[in-house]
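Here's the letter readout for the chains.
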Amino acid sequence: MPALYVVATPLGNLGDITVRALEVLKRVDVIAAEDTRHSQRLLDACGVRTRLIALHEHNEQAAAGEVIRRLGGGQSVALITDAGTPAISDPGARAVARVRGAGFRVVPVPGPSAATAALSVAGFDQGGFLFVGFLPAKPGARRAAIEAVRAQTATLVMYESPHRIGESLADLAAVLEPERAIVIARELTKLHEQVVRLPLGEAVAWLASDPNHARGEFVLLIEGAPPREGLDPEAERVLDLLLAELPLKTAARLAAEITGQARNALYARALELKRG
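Computed from a prediction, not measured in an experiment: that's the story for all the values here.

(A) How the structure looks around the packing of aromatic side chains. Counting across every chain of the model gives 2 aromatic pairs. Between the aromatic rings of Phe131 and Tyr159, the centroid separation amounts to 5.2 Å while the plane-to-plane angle is 75°, which identifies the pairing as edge-to-face. Taken as a pair, Phe131 in strand β6 (residues 129-134) and Tyr159 in strand β7 (residues 155-160) lie far apart in primary sequence, 28 residues in all. Taking relative accessible area as the criterion, Tyr159 reaches 10% and is therefore assigned buried. Their ring planes at 70° and their centres at 5.8 Å tell us that Phe134 and Tyr159 sit as a pair that is edge-to-face. Pair noted here: Phe134 is in strand β6 and Tyr159 is in strand β7, with a separation of 25 residues, a long-range link. Classification of Phe134 by relative accessible area gives partly exposed; the value is 39%.

As structure tokens, then:
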């Protein structure tokens, strides 16, 4: 039966492509790729001769229509991205939704993923993770996005480009507690792969210490907030009074100083109160 196969491809090391992925890429009628020139090099290296068509963020709706027409004609199509798993912080999600909406099968062909690769070597044992993806490009929106996940107890997983890594690390250190651990993984599975773990407050200095540290594609893993401790009634009362007059962050800090309760716990409770 016709189907859209969502195929994970190597992050860098070609040896990471799976046997099943190769079989699918060879047998489908056409491959929809984020960057056809980039993907052609992968296919040539793997001996795959299947025709490529473009499916990227600027033509995804039109390309999805082409995929649906091919499926309707009895063909099968593979979807790949430049590296890793399609439709996860990469083009493909809208195309997958349209294909499913048109009644055709969508089949996952799992394989490399930058997020899980980084998590496997991070050493965080927090019982779960929250995939944030790319942070917003604009500073105000970026800080708001970080603030929104500050109270999460799960490990935070973010992607970042070399062009914004410095700004993002600075904002993360400004919004989150500097003593939290961060794992910076760059160029995973490539020649200059590097994975470092350090306190978040030292991340900007680490980045500036060597020009090579800012090169490549990044996965950032940030230790989650500690579980919220129970607040006594007096701490709740003080926090309520301060929230009525002050910004959330300031209220939580002052409440911690006044009551001796943990600042993280007060901040998490303040978020709950603000959200009603």
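From this point on, the discussion continues.
(B) Up close: the packing of helix α3 (residues 60-72) against helix α4 (residues 93-101). Contact geometry of α3 with α4 gives a least axis separation of 9 Å together with a crossing angle of 35°. Two packed elements cross with a definite hand, and for α3 against α4 that hand is right-handed. In contact with Glu60, Gln61, Ala64, Gly65, Val67, Ile68 and Leu71 of α3, α4 contributes Ala93, Arg94, Ala95, Arg98 and Val99. Across the contact of α3 with α4, the residue classes break down as 7 nonpolar, 2 polar and 3 charged.

(C) Expanded view of the environment of Ile88. Structurally, Ile88 can be placed in the loop between β4 (77-80) and α4. Overall, Ile88 belongs to the partly exposed group, its relative accessible area being 38%. Sequence-wise, Ile88 and Gly133 are 45 residues apart; in three dimensions their C-alpha atoms are separated by 8.0 Å. With near-sequence residues (within four places) excluded, Ile88 lies in contact with Phe131 and Tyr159.

(D) Geometry of unusual backbone geometry. With phi around 70°, Ala87 is a residue other than glycine that occupies positive phi space. Counting through the fold element by element, Ala87 comes out in the loop between β4 and α4. Owing to a relative accessible area of 27%, Ala87 belongs among the partly exposed residues under this scheme. Positive phi outside glycine occurs at Glu187, with the angle close to 55°.

(E) Looking closely at the sheet that holds β6. Judged by pairing direction, the sheet is mixed, and its 5 strands sit side by side in the order β6-β7-β10-β8-β9 without closing on themselves. The open sheet terminates on both sides in strands that have one partner only, identified here as β6 and β9 (194-199). For this sheet, the mean angle separating the axes of adjacent strands, direction not counted, is 15°. With 5 bridges connecting them, β7 and strand β10 (residues 218-222) associate as antiparallel partners. Residue Val157 lies in a different strand from β10, and its bridge partner there is Leu221. Along the sheet, helix α7 (residues 165-175) makes contact with β7, β8 (181-186) and β10, crossing β10 at roughly 5°.

About the cut-offs
Residues numbered from 1 in each chain as written. Predicted model: local features only at pLDDT ≥ 70, side-chain atom pairs only at ≥ 80, totals over all residues. Heavy atoms only, no water. Phe/Tyr/Trp six-rings, centres within 6.5 Å; stacked < 30°, edge-to-face > 60°. Helix = DSSP H or I, 4+ residues; strand = E, 2+ residues; numbered from the N terminus. Buried < 20%, exposed > 50% of the residue type's maximum accessible area, 1.4 Å probe, protein only. Axes fitted to C-alpha atoms, helices over the stretch in contact; angles between N-to-C directions. Left-handed = near helix turned anticlockwise from the far one by under 90°. Contact = heavy atoms within 4.5 Å. Nonpolar A, V, L, I, M, F, W, Y, C, P; charged D, E, K, R; others polar. Pairing = 2+ DSSP bridges.

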